[in-house]
Amino acid sequence: MKAVALISGSGSNLQSLIDHAEKIDLDIQAVISNKEDAYGIKRAQKVNIPTHVLIHTQFPSREKFDQQLSQTIDQHSPDIIILAGFMRILTEEFTQKYAGKMLNIHPSLLPKFQGLNTHQRALDAKESEHGVSVHFVTAKLDGGPVIAQARVPILADDTVESLAQRVLIEEHKLFPKVVHWFTQGRLKLIDNHATLDGQII
Ligand code: GAR
């Protein structure tokens, strides 16, 4: 299945998808970054995936950026759009256009800790566990229907870095698994519910 991946940073989730691509029937046609220096661009180039850089600060508005982003995505006619560490709030128009075919990975047990600095906030809140969620993207920031989560315990001596590291290990397993459900046609967004094999998750 044809995919476009959007990134802003290191791209370790992108790498995991690249590594699993054949097994999960994923054909990543392009990687788009809103940051020129995102290491994920190099990861894509290494395996000859075309890359695009769209620097959001060079656009006069969020709408104009999203329009260009959308045009760039559409050049590749993807069946799935994968937000793999893409740190941008998207306009409603954009999210509606790709409703049901756009997945995001978020480093918290949603609905807890939407937005930024999730690891710090989980530590500050003295949570006993933390984790990662994969969800369909809707207009509500980090608020679309959750598809799957993986949990990690929070340890007494955890720092933001140690916790982030353990969550990332789970991210790299969970995202390819969920993307595979989608490429198999098992995962669908129906009436704003995530469904797997026709059952609401
Ligand atoms: C990951 O932890 C991902 O869950 C998070 O950014 C990181 C990207 O790492 N995404 C968000 O916070 C989205 N709101 P990576 O570039 O190494 O995949």
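Before going into details, it helps to say that this report is about the structure given with it. All of these numbers come straight from a predicted model, not from anything done at the bench.

Each helix and strand counted, the chain has six helices and ten strands in total. Its C-alpha atoms give the chain a radius of gyration of 16 Å, within 12% of the compact-globule value 17 Å for 201 residues. If one aligns the C-alpha atoms of the chain with their principal axes, the spans along those axes are about 50 × 40 × 30 Å. Across the 201 residues of the chain, 48% fall into the buried class. Between the averaged position of the 21 positive side-chain charges in the chain and that of its 23 negative side-chain charges there is a distance of 0 Å.

Attention now goes to the packing of helix α1 (residues 12–20) against helix α6 (residues 160–183). Following both chains from N to C, one finds α1 and α6 inclined at 45 degrees, their axes separated by 9 Å at the closest point. It follows that α1 is oblique to α6 by the angle criterion. In the packing of α1 onto α6, the handedness of the crossing is right-handed. Facing α1, whose interface residues are Ser 12, Asn 13, Ser 16, Leu 17 and His 20, α6 presents Leu 168, Glu 171, His 172, Phe 175, Pro 176 and Val 179. Here the residues of the contact of α1 with α6 are counted per class, giving five nonpolar, five polar and one charged.

All right, on to the packing of α1 against helix α2 (residues 39–46) then. Packed helices, taken two at a time, are described by the angle their axes make and the gap between the axes. Running from amino to carboxyl end, α1 crosses α2 at an angle of 20 degrees, the nearest separation of the two axes being 9 Å. Taken as axis vectors, α1 and α2 run roughly parallel relative to one another. Relative to α2, the crossing made by α1 is right-handed. For the pair α1 and α2, contact is made by Ser 12, Leu 14, Gln 15 and Ile 18 and by Gly 40, Arg 43 and Ala 44, respectively.

Our focus in this paragraph is the site of the ligand. Taken together, Gly 9, Ser 10, Gly 11, Ser 12, Asn 13, Gly 85, Met 87, Ile 105, His 106, Pro 107, Leu 168 and Glu 171 make up all the residues around the ligand. A distance of 2.7 Å is found between an oxygen atom of the ligand and a backbone nitrogen or oxygen belonging to Gly 11. The separation between an oxygen atom of the ligand and a polar main-chain atom of Asn 13 is 2.9 Å. In isolation the ligand exposes 450 Å². Once the protein is present, 85% of that is buried. Of all the secondary structure elements, the ones that give two or more residues to the shell around the ligand are α1, β5 (102–106) and α6. Classifying every residue of the shell around the ligand gives four nonpolar, seven polar and one charged.

A few words now on the side chain of Thr 118. By the element assignment, Thr 118 lies in helix α5 (residues 118–124). By relative accessible area, Thr 118 is classed as buried at 2%. With residues near it in sequence (within four places) discarded, Thr 118 still touches His 106, Pro 107, Ser 108, Phe 113 and His 130.

Attention now moves to the side chain of Asp 66. Among the secondary structure elements, Asp 66 is positioned in helix α3 (residues 62–74). The side chain of Asp 66 sits in the buried core without any salt bridge; Arg 88 is the nearest counter-charge, 5.4 Å away. Among residues more than four places away in sequence, those in contact with Asp 66 are Leu 90, Thr 91 and Phe 94.

Here the focus is α6. Here α6 spans 33 Å end to end across 24 residues, near enough to the 34 Å set by a 1.5 Å rise per residue. The complete set of buried residues in α6 reads Leu 163, Ala 164, Val 167, Glu 171, Leu 174, Phe 175, Pro 176, Val 178, Val 179, Trp 181, Phe 182 and Thr 183. In the stretch just after α6, Gly 185 is the one whose phi turns positive, near 80 degrees.

What follows covers the pairing of strand β1 (residues 2–7). With five of six residues buried, β1 lies mostly within the body of the structure. Sheet topology places β1 next to strand β2 (residues 27–33); six bridges connect them, and they run parallel. The residue bridging Ile 7 from the neighbouring strand is Ser 33, located in β2. With respect to chirality, the unit in which β1 leads through α1 into the neighbouring parallel β2 is right-handed. Judged from the four bridges that link them, β1 and strand β4 (residues 80–83) form a sheet pairing that is parallel. From the neighbouring strand, Leu 6 faces β4, where its bridge partner is Leu 83.

Cut-offs used in this document
Each chain carries its own residue numbering, running from 1 in the direction its sequence is written. Thresholds applied to this predicted model are a pLDDT of at least 70 for local features of residues and 80 or more for the giving and counting of side-chain atom pairs; totals over whole chains, interfaces and linings are not thresholded and use all residues. Computation of side-chain values: all heavy atoms of the structure, hydrogens and water removed. Secondary structure follows DSSP: runs of H or I at least 4 residues long count as helices, runs of E at least 2 residues long count as strands, and numbering of each begins at the N terminus. Here the globule rule is a power law, 2.2 Å times the number of residues to the power 0.38, and the radius of gyration is based on C-alpha atoms. We call a residue buried when its accessible area falls under 20% of the maximum for its residue type, exposed when it is over 50%, and partly exposed in between, using a 1.4 Å probe and counting protein chains only. Charge assignment: positive for Lys and Arg, negative for Asp and Glu; neither His nor the chain ends contribute. In this description, the location of a charge corresponds to atom NZ of lysine, CZ of arginine, CG of aspartate or CD of glutamate. Angles run from 0 to 180 degrees between N-to-C directions of axes, and those axes are lines fitted to C-alpha atoms, restricted for helices to the stretch in contact. Between 65 and 115 degrees an angle is taken as roughly perpendicular, under 35 as roughly parallel, over 145 as roughly antiparallel, and anywhere else as oblique. When the near helix sits turned anticlockwise from the far one by under a right angle, the crossing is termed left-handed; a clockwise turn instead gives a right-handed crossing. Contact definition: two residues touch when any of their heavy atoms are within 4.5 Å. Under the grouping applied here, Gly and all other residues not named as nonpolar or charged are polar, the nonpolar ones being Ala, Val, Leu, Ile, Met, Phe, Trp, Tyr, Cys and Pro and the charged ones Asp, Glu, Lys and Arg. Neighbouring residues are identified by heavy atoms, a residue being near a molecule or strand if any of them is within 4 Å of it. Two N or O atoms count as a polar contact when they lie within 3.5 Å, although within protein this holds only if one can serve as hydrogen donor and the other as acceptor, and sequence-adjacent residues are included solely when both atoms are side-chain atoms. Surface exposure here means Shrake-Rupley accessible area, sampled with a 1.4 Å probe, where a residue is shielded only by the protein chains that are shown. Any carboxyl oxygen of Asp or Glu that lies within 4 Å of a side-chain nitrogen of Lys or Arg is treated as forming a salt bridge with it. By this rule, a helix spans an expected 1.5 Å times one less than how many residues it contains. Strands pair, by our definition, only if DSSP identifies at least two bridges between them. Crossover handedness is defined here as right-handed if the route from the first strand over the helix to the second strand goes clockwise, with the strands pointing away from the viewer.

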